[in-house]
Amino acid sequence: MTETTDPASRSGYADHPPRMGFFTDTSVCIGCKACEVACKEWNGVPSAGGRDLLGLSYDNTGGLGADTWRHVAFIEQTKPMRQEGADGPGGDMRWLMASDVCKHCTNAACLDVCPTGSLFRTEFGTVVVQEDICNGCGYCVPACPYGVIDRREDDGRAWKCTMCYDRIGDGLEPACAKACPTDSIQYGPLEELRERAAARVEEVDGARLYGDDPSDGVGGDGAFFLLLDEPEVYGLPPDPVVTTRDLPSMWRHVGAAAGVMAALAVAAFGGAK
Amino acid sequence: MTTTDRPNGSSFQRKQKAERPMVPKAEFGSYYGSPVLNPPVWESPDIPGYLFLGGLAGGSSLLGAGASLTGRPALAAVTKSGAIAGAALSMYFLVHDLGRPARFLNMLRVFKVTSPMSVGSWLLAAYVPAAGVAAATDLWGMAGLRDLPGRRLLGAASTAGAAVLGPFVASYTAALISDTAVPSWHDGYPEMPFIFTGSGAMAAGGLGLLGTSVLGASAGEAVPARNLALLGAAMESAAMRRMTRRLTLTAEPFATGRAGKYVKAAKILAGLGAAGTVASAFPLPVRARRAVAAVSGVALVAGSACTRWGIFHAGVASAEDPKYTVIPQRERLESEAAGHAGSKG
């Protein structure tokens with residue numbers, strides 16, 4: 001069995017800092033989108049184009065992509081929310097807000113399938129694109145089980161969250177976490193964040209953790225979440241699996257199929273007089 | 001937004017049983033019906049063309065080697081030319097689809113067995129020169145030019161090399177598309193390579209039939225092409241059938257929309273081509289036999305292309321609709337939960 005908890009050691013870093021991550025506690029997200037703005041500002045991420053009014057509650061961003069590395073989802077639900085015996089306004093409506101981001105998977109499909117080595121694992125255990133290497137083959141895009149990374153149309157290369165690699169190396173926190181006014185986005189050593197999240201999930205009614213489990217299909221996420229509903233409600237896959245988990249079997253099938261093809265050719269000539 | 005994708009992201013069923021949400025087949029939660037995945041940025045005709053031509057080239061290299069070994073000069077010339085032309089055009093498509101075509105050579109910066117595109121790039125880097133030299137040495141001989149020392153040896157070695165690598169050129173692209181989160185591509189991975197090599201064999205056989213007919217070669221030259229075409233068509237059809245029957249929800253994109261039309265067209269073309277191929281084996285007047293073989297060959301090549309276009313579009317469609325991502329994952333979680341409950345009780 002492979003060691004799944006420490007991707008930096010697995011990638012050959014002998015001496016490295018602890019694995020760093022994000023814990024996004026959506027129960028305290030107020031939907032201010034400061035994370036989206038701070039991310040764009042710090043990383044120089046261009047506009048996603050146009051002045052789009054999507055009509056999806058307060059979400060005019062849509063989803064993660066080449067030009068969106070933090071995305072705040074707004075979900076309006078009809079659900080009895082008033083506590084028993086409480087007075088005052090309020091009703092059957094609740095609003096879920098959640099800031100989505102690259103998960104920096106322990107077993108990252110985008111990194112596995114990248115044919116140029118442009119995507120790499122940093123000493124912090126995060127996954128980063130080297131833009132001077134990427135040739136825009138686009139393989140990482142459908143490989144990602146979360147729909148995070150994408151190719152920028154006018155530029156031709158793949159882009160995604162770097163967990164502010166240029167900040168964390170200097171001991172600063174990523175721009176989104178720095179800007180978050182409610183500490184919904186928390187940055188720190190992953191081990192510490194997991195402990196904090198385990199305590200938090202006990203406090204919040206109907207809360208569940210997403211991406212915190214190292215035994216899940218991607219070996220656990222470097223960026224994980226506290227959610228108040230099923231992941232798919234937020235546009236997240238309920239049980240993502242790194243596609244390369246099946247790759248050894250795929251190669252075996254490829255080998256067998258190639259062998260059969262050669263056998264067909266032998267038969268084709270064997271049958272000819 | 002479809003009726004099942006309610007803006008509050010929950011389903012009717014969930015409201016009734018708030019504590020233990022159950023997601024039946026037709027109902028699933030989503031974020032305004034938007035895709036969970038970022039759909040492939042790969043485009044048609046580049047990527048389906050690349051898949052198809054790789055198969056055509058790989059199969060042609062096998063036929064070319066056999067034709068040389070068994071003394072079928074017309075078949076050898078046709079298939080070896082077809083192999084390098086297919087491979088070269090396939091490479092063109094691959095480079096053209098890059099966001100930064102000028103950086104194509106970055107593909108050879110590293111070798112990664114975890115990336116079928118990396119493995120494939122190295123494979124093509126060996127295969128394309130072999131197929132090219134195999135064709136060039138063969139055509140040199142046919143053209144009756146003054147023979148060069150070592151041409152035969154070089155020709156034999158490159159022909160053998162292309163024939164050894166050819167089946168992998170035809171099949172690795174199946175791993176390439178299956179090694180993604182795209183539901184219909186990933187789920188189909190056990191059969192996909194067999195569809196691809198069957199389809200490649202069928203296309204190569206079709207090309208051999210067409211070429212030998214056009215060149216007016218003797219009836220015996222076309223026999224291996226005919227056999228390979230029929231064997232390949234049978235394998236493609238059997239593997240496709242097996243895959244779409246085994247898969248449940250993620251088989252749907254192969255039968256619907258644009259993909260469904262291509263898959264259907266592929267079946268019809270392969271069926272007609274196979275029937276014509278069989279007919280061309282019967283004692284017919286020479287001109288009629290050649291005409292039937294040529295038309296059948298075109299149908300088989302076109303059928304193989306339609307299969308790849310169908311598979312390509314099916315994958316894209318399965319990535320664009322969140323139901324193909326969410327429902328199978330939700331079902332997996334529920335069956336795991338049921339398994340745990342069962343083992344406790």
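Being a predicted model, the structure only gives us computed values, none of them experimental.

With that out of the way, let us pick up helix α7 (residues 190–203) of chain A. Quick reminder: α-helices carry 3.6 residues per turn. Residues three or four places apart thus point the same way. All names here are of chain A. Here α7 is 14 residues long and its end C-alpha atoms lie 20 Å apart, about the 20 Å a rise of 1.5 Å per residue gives. Burial in α7 covers these residues: Leu 190, Leu 193, Arg 194, Ala 197 and Val 201. Down the axis of α7, the sector holding all buried residues measures 100°, keeping them to one side. Among the exposed residues of α7, those oriented more than 90 degrees off its buried face are Glu 191, Glu 195, Glu 202 and Glu 203.

All names here are of chain B. Compared with an ideal rise of 1.5 Å per residue, which puts 24 residues at 34 Å, helix α7 (residues 192–215) spans 34 Å between its outermost C-alpha atoms and is within 8% of the ideal. With 20 of 24 residues buried, α7 lies mostly within the body of the structure. Trailing α7 by a residue or two, Gly 216 shows a phi angle of about 70°, which is positive.

Further remarks concern the nonpolar core. Membership of the largest hydrophobic core comes to 127 residues, with the highest contact counts inside it found for Phe22(A), Tyr127(B) and Met192(B). Per element, the largest residue contribution to this core is eight residues, and it comes from helix α11 (residues 286–320) of chain B. Formed by 26 residues, the second largest nonpolar core is a distinct cluster that contains Ala265(A), Leu62(B), Ala170(B) and Ala201(B).

Okay, the packing of helix α2 (residues 46–69) of chain B against helix α3 (residues 73–96) of chain B next. Residue and element names in this part refer to chain B. Close contact between α2 and α3 brings their axes to 7 Å; oriented N to C, the two are set at 155°. Taken together, the axes of α2 and α3 are roughly antiparallel relative to one another. Here α2 runs over α3; the crossing is left-handed. Each of Asp 46, Gly 49, Tyr 50, Leu 53, Gly 54, Ala 57, Ser 60, Ser 61, Leu 63, Gly 64, Ala 67 and Ser 68 in α2 lies in contact with α3, whose residues at this interface are Leu 75, Ala 76, Thr 79, Lys 80, Ala 83, Gly 86, Ala 87, Leu 89, Ser 90, Phe 93, Leu 94 and His 96. Split by residue class, the contact of α2 with α3 holds twelve nonpolar, ten polar and two charged.

Time to look at the side chain of Lys112(B). Within the element layout of this structure, Lys112(B) appears in the loop between α3 and α4 (116–142). The buried charged residue Lys112(B) lacks any salt bridge, with Asp112(A) as its nearest oppositely charged partner at 6.2 Å. Separated by 2.6 Å, the side chain of Lys112(B) and the backbone oxygen of Leu111(A) make a polar contact.

In this assembly, 78 residues from chain B lie in contact with 82 residues from chain A. Both sides together, the interface formed by chain B and chain A hides about 6,200 Å², and carbon and sulfur atoms give 62% of it. The tally of links between chain B and chain A comes to four salt bridges. As a salt-bridge pair, Glu232(A) and Arg330(B) come within 2.8 Å of each other at their nearest N and O atoms. Remark: the boundary between chain B and chain A carries 37 residue pairs in polar contact (both at pLDDT 80 or more). Of all the secondary-structure elements, those providing two or more residues to the side of chain B that touches chain A are α2, α4, α5 (151–178), α7, α8 (223–246) and α12 (322–344) of chain B. By residue number, the principal contributor to the side of chain B that touches chain A is α5(B), which donates eight residues. Partitioning the side of chain B that touches chain A into residue classes produces 42 nonpolar, 25 polar and eleven charged.

Residue and element names in this part refer to chain A. Taken together, the side chains of Tyr 58, Met 93 and Trp 95 make up a nonpolar region of the molecular surface, amounting to roughly 340 Å² of accessible area. Among the secondary structure elements, Tyr 58 is positioned in the loop between α2 (34–43) and β2 (70–78). Taking relative accessible area as the criterion, Tyr 58 reaches 53% and is therefore assigned exposed.

Domain annotation of chain A identifies domain 1 (7–241) and domain 2 (243–273). Relative to domain 2 of chain A, the C-alpha centre of domain 1 of chain A lies at a distance of 41 Å.

What counts, and where the lines are drawn
Residues numbered from 1 in each chain as written. Chains lettered and ligands numbered in written order. Predicted model: local features only at pLDDT ≥ 70, side-chain atom pairs only at ≥ 80, totals over all residues. Heavy atoms only, no water. Helix = DSSP H or I, 4+ residues; strand = E, 2+ residues; numbered from the N terminus. Expected span 1.5 Å × (residues − 1). Buried < 20%, exposed > 50% of the residue type's maximum accessible area, 1.4 Å probe, protein only. Arc of directions from axis to C-beta. Core = buried A, V, L, I, M, F, W, Y, C linked by side-chain atoms within 4.5 Å. Axes fitted to C-alpha atoms, helices over the stretch in contact; angles between N-to-C directions. Parallel < 35°, antiparallel > 145°, perpendicular 65-115°, else oblique. Left-handed = near helix turned anticlockwise from the far one by under 90°. Contact = heavy atoms within 4.5 Å. Nonpolar A, V, L, I, M, F, W, Y, C, P; charged D, E, K, R; others polar. Lys, Arg positive; Asp, Glu negative; His and termini not counted. Salt bridge = Lys/Arg side-chain N within 4 Å of Asp/Glu carboxyl O. Polar contact = N/O pair within 3.5 Å; in protein donor to acceptor, adjacent residues only side chain to side chain. Buried area = accessible area lost by both parts, 1.4 Å probe. Patch = residues over 30% accessible without salt bridge, like charges linked within 9 Å, V, L, I, M, F, W, Y side chains within 5 Å. Areas by Shrake-Rupley, 256 points an atom, 1.4 Å probe, with all protein chains shown as cover. Domains from an automatic or database assignment.

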